[in-house]
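Single-letter residue listing:
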Amino acid sequence: MNPLKKLVNSSEKYFTGSGKFNRLKPLFDATKTFFFFPSPKTKHTPFVRDSLDLKRFMSFVLISLLPVLIFGIYNTGFQAGLARGESYTFFQAFWLGSRYVLPIIIVSYTVGFLWEILFAVIRKHKISEGFLVTGLLFPLTLPATIPLWQVAVGISFGVVIGKEVFGGTGRNFLNPALTGRAFLFFSYPVSMSGDVWVAAKSAVDGVSGATALSVLAPEGEKITSALSDSGFSLSNLFLGFVPGSIGETSALCCILGALFLIITKIANFRIIIGGIAGLIVTSLIFYLIPGGSDSWMNAGPLFHLCAGGFLFGISFMATDPVSAPGTNPGRWIFGFLIGFLTITIRVANPAFVEGTMLAILFMNVFAPMLDHIVVKYTASKRIPNV
Amino acid sequence: MENINVSKGFKVALTGMPDLSVIQIPDPETIAVSALDIPYIRPKLLVKKNDPVKTGTPLFCDKRNKCIQYVSPGTGIVKQIVFGQRRRLIEVVIALNKNRDEKDNFIQFETLSSDDVNTVPRSNITKRLQEGGLWQCFREFPSKDTADENHEPPMIIVSLNGNDPFSPYPQVVLENETAFFEFGIKILKQFSNRIVITSRQDNLSSLNRLNGLKEHITHIVPDFYPAWDPGVVLYKLKRTRKENRSWCISAEHLVLMAKFLLTGRYPVKRVVTVTRSTDKKPHIITRQGAPVKNLVGSLDDNSLITTGRFNGRSVDPKSHMGFFESTLTIINNNQEEEFFGFIQPGLTKPTASKTFLSCLTQTPKNLDCNTHGEERACINCGYCVNICPVDLMPSFIIKALLSDDIEDALNYGLLDCCRCGLCSYACPSKIELTKLLSHGIDAHYKDRE
């Protein structure tokens, strides 16, 4: 028998029934079922069940995040190297990046899991797998320079207020990771905006460390050429060798992750395609409006698509099934409006350089209403059977 | 023949398909009439323990309509009347006569010749069927209750296929029964103007050998579960609200009905299949109400015996087959808790999703009776919506039902649910959607009563 299984079996008595640590049963269950996949006998018809369960469902989101995560770690080190005026090898950059990024991820998972366990113990239910995703998504939306205590505060807010007060995974209406990020964004604007995007930039003066979205062209120059001058050429933005949140910089890696989610049908392609369509249409409309050639208004769809966190948000955040609509027409509208709002906020609201986070959270609030309208409409099209 | 276009359903190939050969097993010592597979029945017993009964003697009737009787499918004495919790009738067990000469002592009912069908009033046929214990073959939508004799159904759906993918194949069940089948259709025409007869696409060519039975088929359905379910067929065919109260009957029962009216004797022969993922067993000819034990043999492991893997009930090996049941599916219990099971590539795991490598292969898969995960809250992923053959949104309906909003649930089409079980099958959160929907339909039925 597997030695781990022996250990689990021998320690089970402490966590169940009147065992010493019976209050920590959810923690024990979560650990046990992580290693040994539970598969009890069915009790009701149908007596056969699909092999897919929520653990696998959520693990697939983690797999889809791997390219983004690995590139994010590398890019953190790479940007720090640029700022210090040194050129690192891949492994040096990756090593330096992981020294910034891994602590953030560890803090996010640890603090988040503590809250999950606390709520599971109090409510006497099982620990849901939803947090596996939240715990990794949240750090990827942060700048690598963020103080770790803020990570802890942010994930606490995201898990407790964004999710657990409503009853846990499946009952939240906002994306918990984005809720946490929004909390940090508004509570600690100094660590979340401006020149915070490059780790170790203080080593050399004159490195701005701002993101592409905060670039403004000087009088008479076009925004696209101003972007290229500051190092934000389209290819750099697409590949991701630019400053930004840990996970958001590489459009290519986001697309890889999105493709994986679409092919395995874990994420709904309607949200992603609808979102990209919304972004393209809206940015084209702004592009065609005369004037504003020195601002992002005139950047055109490609720059809008590759810059900032839009692709990251639409692929991994907006597709969270719990906070997105559950009907197909609803998903199209939801995605489209996220694209529309992202551009509108980027272009029309000078207070926020990036609009993806607010657009997704805003549409999360409207998802139940979209569902309501669609469900009522489809019900009215059925031949009544009462 | 028209094609019915069903796009959603269970499309994974399964192992354990029954063989098309037929064997006959000797008569069992006991047979029974089960009450568990009769919808909404409130039985009133008409016999006592140790009463002698003939083939065709009424054993119990339905309190809701006492004319509807359930008769003994054999001659002998009432050996036992089994009750379950709260004295719910489970089955009436009859010990068959061992004496070979008077083995089957039939009660002789009035016969009806093929020419008289059109002249006898409908009420007369109804009465004969009710006395003979075969009226219940007619089931009425939306709740698939026993048909109401006073209702004129706008449509009667005859299904050549049973409830499970591996129910007895029509070419075996209906072999040499074409004349009875045609007589049955004549009877149906007394009840409704529109008779719909459906067959699975893949069975079609093998029906050629059934002396022209194929010509009667009006609609062809695709070959994946549950496209042939009468509930799905009705959903696809209905155009008006009135058609919600259509009737359905299986071809096998239609033949029983025809035999009964032509010969005046209660027909007792039935064809059943016993399937198991590792076997390829022949069809079995046996008596109605045969003991499960005789059909499945000895089972020493922890397997589950059901009368349909998606929509049957779980049966005790000591009990007997019900009137509406024609298949026994033995589902293996895989008790092993796989190490890191949630992230295995899964080349052989059956799934309706796209998250296992198995979705790339066409090899038949083996389903076991395990949940593959634990119950969680609904995450609104839409897997149930994507598989429901009648275009329901089970996730939204159960939320309405759980908040006691039956009106909303009905508006969303609750009563169109054909209880195929696929929503529960596909749910990654392992929510008992079918059970909740089923309870909703039953609650609505009781409300109406």
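All values reported here derive from a predicted model rather than from experimental measurement.

Attention now moves to the overall build of chain A. Looking only at helices and strands, chain A has 16 helices and 0 strands in total. On C-alpha atoms alone, chain A measures out to a radius of gyration of 23 Å, which is about the 21 Å that the 2.2 N^0.38 rule sets for 386 residues. Reported as C-alpha extents along the three principal axes, the dimensions of chain A are approximately 75 × 60 × 35 Å. Buried positions account for 53% of the 386 residues belonging to chain A.

Next up on the list: the sheet that holds strand β3 (residues 30-34) of chain B. Paired through backbone hydrogen bonds, the strands of a sheet run either parallel or antiparallel to each other. Residues and elements named next belong to chain B. With antiparallel pairing, the 4 strands of this open sheet are ordered in space as β3-β9-β8-β5. Two strands lie at the open edges of the sheet, namely β3 and β5 (52-53), each paired on one side alone. Sheet analysis places β3 next to strand β9 (residues 89-96), joined by 5 bridges and oriented antiparallel. Residue pairing across strands places Ile31 opposite Ile94, the latter belonging to β9.

For the bond from Thr45 of chain A to Pro46 of chain A, the omega torsion is -5°, close enough to zero to count as cis. Topologically, Pro46 of chain A is positioned in the loop between α2 (25-35) and α3 (54-84). Of note in this structure, Arg86 of chain B is not a glycine but carries a positive phi near 55°. Mapped onto the elements, Arg86 of chain B comes out in the loop between β8 (76-83) and β9. Positive phi, close to 55°, is recorded for Arg87 of chain B, a residue that is not glycine. Position of Arg87 of chain B relative to the elements: it lies in the loop between β8 and β9. On the neighbour-count criterion, Arg87 of chain B (6 C-beta atoms within 10 Å) is exposed.

This part is about the interface of chain A and chain B. Size of an interface: often given as the accessible area lost when the parts come together. Listed by partner, the interface residues are 46 residues for chain A and 64 residues for chain B. Mapped by element, the contributors of at least two residues to the side of chain A that touches chain B are α2, α3 and α16 (356-381) of chain A. Top element by residues in the side of chain A that touches chain B is α3 of chain A. It accounts for 6 residues. Tallied by class, residues from the side of chain A that touches chain B come to 21 nonpolar, 15 polar and 10 charged.

Conventions we followed
- Residues numbered from 1 in each chain as written.
- Chains lettered and ligands numbered in written order.
- Predicted model: local features only at pLDDT ≥ 70, side-chain atom pairs only at ≥ 80, totals over all residues.
- Helix = DSSP H or I, 4+ residues; strand = E, 2+ residues; numbered from the N terminus.
- Rg over C-alpha atoms; globule rule 2.2 N^0.38 Å.
- Buried ≥ 20, exposed ≤ 12 C-beta atoms within 10 Å, placed from the backbone.
- Pairing = 2+ DSSP bridges.
- Contact = placed C-beta atoms within 7 Å.
- Nonpolar A, V, L, I, M, F, W, Y, C, P; charged D, E, K, R; others polar.

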